[in-house]
Amino acid sequence: MKQFSKSIFAALSGLGILLFPNLSVAAEESNVDESAQTGGAAGNSASSAAIGGVSAGTIAAVIAIAAAAAAISDSGSGGGAITPTPTPTPTPTPTPTPTPTPAPVIEEYVTEVVVDVPGTAEFTTAGATATRTTGATATRTTGATATRTTGATATRTTGATATRTTGATATASVGGTIVNQELTEDFEVVETYDVVEEFEVVEEYDVVEEYTTTTTVPAVAASTATATATATREAN
């Protein structure tokens, strides 16, 4: 609308520029005629006559149209221009609410599961410790002592004394009589005895050893077994 008003104003302005030079020339000619003629009646008649072929009413109409175009141009720039009524926007059709999908019903049930039980081979495992004889024998001291004869003999004094003849004789005068007599001697009593020794008592015993027992676990064949479990599913 603003561009259209500017176009009208430009066209009318150009038309006014074309007419105003003719109006000037006609006015000058009118003044010359008035000075040549005698009387005011002839001047007034000439001024009201056609000027260059264009009447005064036509000029006034051009000026009025130019002013109206200027006013329209000013109102189009934000003054009092008539705003066309906008076409009403059609009301959008409401989107239908989708039907909600019902939630699935979950049920709990008991299921049976088959479990494979692997087999095992026979094997041995260490058990407790025990002792056993090896079949050999050995000796050891018991910590006690004893005495025994060695098979030899020896002599020793007993602490007592005795007398014995020596086998020699001597003469002595007894009342003037010469008497021969055997000589005797005192001696310590000596005895012969078996030599005895003291020794540690030694015993002979069976050699015993300690060993670890073993347990043999028999083989188990592979098999299957069943077990139950609880699960959930969507009910139909």
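Residues numbered from 1 in each chain as written. Predicted model: local features only at pLDDT ≥ 70, side-chain atom pairs only at ≥ 80, totals over all residues. Heavy atoms only, no water.

**Observations concerning the overall build of the chain**
Helix and strand counts for the chain stand at 3 helices and 4 strands. Starting at the N terminus, the α and β elements of the chain follow one another as α-α-α-β-β-β-β. Counting every position in the chain, which comprises 236 residues, the buried fraction comes to 6%. For the chain, contacts bridging at least 24 residues in sequence account for 85% of all contacts bridging at least 6. (Helix = DSSP H or I, 4+ residues; strand = E, 2+ residues; numbered from the N terminus. Buried < 20%, exposed > 50% of the residue type's maximum accessible area, 1.4 Å probe, protein only. Contact = heavy atoms within 4.5 Å.)

**Describing the pairing of strand β3 (residues 177-217)**
Pairing of strand β2 (residues 123-174) with β3 involves 35 bridges; the strand directions are antiparallel. Pairing of Ser173 across the sheet is with Ile178, part of β3. Counted along the chain from β2 to the antiparallel partner β3, the turn is 2 residues long, and its residue Gly175 has a positive phi close to 65°. (Pairing = 2+ DSSP bridges.)

**Quick look at the confidence of the model for the chain**
Put simply, the chain has an average pLDDT of 75, and 65% of its residues get 70 or more. Taken element by element, the chain is modelled with least confidence in helix α2 (residues 40-48), mean pLDDT 44, and with most confidence in strand β4 (residues 223-234), mean pLDDT 89. The low-confidence segment residues 23-53, where pLDDT is below 50, has 12 contacts with residues more than four positions distant or belonging to other chains. (pLDDT = per-residue confidence, 0-100.)

**Some points on the pattern of salt bridges**
Using the criterion set out here, one finds 6 salt bridges in the structure. Between Glu107 and Arg233 there is a salt bridge; the shortest N-O distance is 2.8 Å. Of the two residues, Glu107 is situated in strand β1 (residues 106-117) and Arg233 in strand β4; the sequence distance between them amounts to 126 residues. For Glu107, a relative accessible area of 30% translates into the label partly exposed. A salt bridge links Glu209 to Arg132; the nearest nitrogen and oxygen atoms lie 2.9 Å apart. Here Arg132 lies in strand β2 and Glu209 lies in strand β3, a separation of 77 residues in the sequence. A residue is classified by how much of its surface remains accessible, and Arg132, at 40% relative accessible area, is partly exposed. (Salt bridge = Lys/Arg side-chain N within 4 Å of Asp/Glu carboxyl O.)

**With respect to the packing of aromatic side chains**
Following the criterion strictly, the structure yields 0 aromatic pairs and no others. One residue, Arg140, lies across the ring of Tyr205, its end atom 3.9 Å from the ring centre. Sitting over the ring of Phe199, Arg148 keeps its end group 3.9 Å from the ring centre. (Phe/Tyr/Trp six-rings, centres within 6.5 Å; stacked < 30°, edge-to-face > 60°. Lys NZ or Arg CZ within 6 Å of the ring centre and 35° of its normal.)

**Overview of the environment of Arg233**
Owing to a relative accessible area of 41%, Arg233 belongs among the partly exposed residues under this scheme. Put simply, Arg233 and Tyr109 are 124 residues apart on the chain and 7.7 Å apart in space, counted from C-alpha to C-alpha. Looking at Arg233, its side chain comes within polar contact range of the side chain of Glu107, at 2.8 Å. (Polar contact = N/O pair within 3.5 Å; in protein donor to acceptor, adjacent residues only side chain to side chain.)

**Here we look at the environment of Gly151**
One can find Gly151 in strand β2. When the C-alpha positions of Gly151 and Asp194 are compared, they lie 6.7 Å apart, and in sequence the two are 43 residues distant.

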